[in-house]
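One-letter residues, chain by chain:
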Amino acid sequence: QVQLVEAGGGLVQPGGSLRLSCAASGFTFRTYVMSWYRQAPGKERELVARISVGSNPNYADSVKGRFPVSRDNGRKTVYLQMNSLNREGTAVYYCTARWTRLEYWGPGTQVTVSS
């Protein structure tokens, strides 16, 4: 079966860092575009970062320079390094995989930025 499992969320102080990972199985990972989305309570879901099949990254303006995304096709894992976190970073973060008309979503991991 297709699985995307996020890990690495938790509580962090403003200015701190977290590294999220997403482990994939059940599909040909290397042919999929991988993305990270986030959704805060009462707010619209937004794209945070995306990495192409060829490992070319794209970022939301709000996180550019702070949240590098990477992928390891051998481990079938995508990562999101979150640095200089602020309260706007509090959200559920979701990993997605897309190839042509196929799209898969993970269950999400909670990130809370608070003092």
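Shown above is the structure to which this text applies.
We now turn to the structure provided with this report.

### A look at the overall build of the chain
Within the chain, the regular secondary structure consists of 0 helices and 11 strands. Secondary structure elements in the chain, listed N-terminal to C-terminal, are β-β-β-β-β-β-β-β-β-β-β. On C-alpha atoms alone, the chain measures out to a radius of gyration of 13 Å, which is about the 13 Å that the 2.2 N^0.38 rule sets for 115 residues. The C-alpha extent of the chain, read off along each of the three principal axes, is 40 × 25 × 25 Å. By the burial criterion, 37% of the 115 residues in the chain qualify as buried. Contacts spanning at least 24 positions in sequence make up 53% of the contacts within the chain whose residues lie at least 6 apart. Just so you have it, the chain exposes about 6300 Å², and 47% of that area is on carbon and sulfur atoms. Taken together, the 14 basic and 7 acidic charged side chains of the chain have centroids lying 5 Å from each other.

### A word on the pattern of salt bridges
Enumeration according to the criterion identifies 3 salt bridges in this entry. Of the charged contacts in the structure, one is a salt bridge between arginine 38 and glutamate 46, with a shortest N-O distance of 2.7 Å. Across the salt bridge formed by aspartate 61 and lysine 64, the nearest N and O atoms sit 3.5 Å from each other. The pair aspartate 61 / lysine 64 is uniform in exposure class, with both members exposed.

### Quick notes on the state of the cysteines
Inspection of the entire model under this criterion finds 1 disulfide. The residue that forms a disulfide with cysteine 22 is cysteine 95, at a sulfur-sulfur distance of 2.1 Å. For the disulfide bridge between cysteine 22 and cysteine 95, the dihedral angle about the S-S bond is near -80°, and by the sign convention the bridge is left-handed. A residue pair is termed long-range when its members are at least 10 positions apart, and cysteine 22 in strand β3 (residues 18-25) and cysteine 95 in strand β9 (residues 91-99) qualify at 73 residues.

### Some thoughts on the side chain of arginine 71
Mapped onto the fold, arginine 71 is located in strand β7 (residues 69-72). Summary of buried charges: arginine 71 has no salt-bridge partner, and the nearest side chain of opposite charge, aspartate 72, is 8.4 Å away. Here phenylalanine 29 takes part through its backbone oxygen, which lies 2.9 Å from a polar atom of the side chain of arginine 71. Here tyrosine 32 takes part through its backbone oxygen, which lies 2.8 Å from a polar atom of the side chain of arginine 71. When residues no more than four places from it in sequence are discounted, the contact partners of arginine 71 are Phe29, Arg30, Tyr32, Val33, Met34, Ile51, Ser52, Val53, Ser55, Thr77 and Val78.

### Brief notes about the side chain of arginine 38
Mapped onto the elements of the fold, arginine 38 is located in strand β4 (residues 33-39). Owing to a relative accessible area of 3%, arginine 38 belongs among the buried residues under this scheme. Among the polar contacts listed, one links the side chain of arginine 38 to the side chain of glutamate 46, at a separation of 2.7 Å. Reaching out from arginine 38, the side chain makes a polar contact with the side chain of tyrosine 93 at a distance of 3.0 Å. Beyond its immediate sequence surroundings of up to four residues, arginine 38 is in contact with Glu44, Arg45, Glu46, Val48, Ser62, Val63, Phe67, Glu88, Gly89, Ala91, Val92 and Tyr93.

Here is what the cut-offs are and how they apply
Residues numbered from 1 in each chain as written. Predicted model: local features only at pLDDT ≥ 70, side-chain atom pairs only at ≥ 80, totals over all residues. Heavy atoms only, no water. Helix = DSSP H or I, 4+ residues; strand = E, 2+ residues; numbered from the N terminus. Rg over C-alpha atoms; globule rule 2.2 N^0.38 Å. Buried < 20%, exposed > 50% of the residue type's maximum accessible area, 1.4 Å probe, protein only. Contact = heavy atoms within 4.5 Å. Areas by Shrake-Rupley, 256 points an atom, 1.4 Å probe, with all protein chains shown as cover. Lys, Arg positive; Asp, Glu negative; His and termini not counted. Charge placed at Lys NZ, Arg CZ, Asp CG, Glu CD. Salt bridge = Lys/Arg side-chain N within 4 Å of Asp/Glu carboxyl O. Disulfide = S-S within 2.5 Å. Polar contact = N/O pair within 3.5 Å; in protein donor to acceptor, adjacent residues only side chain to side chain.

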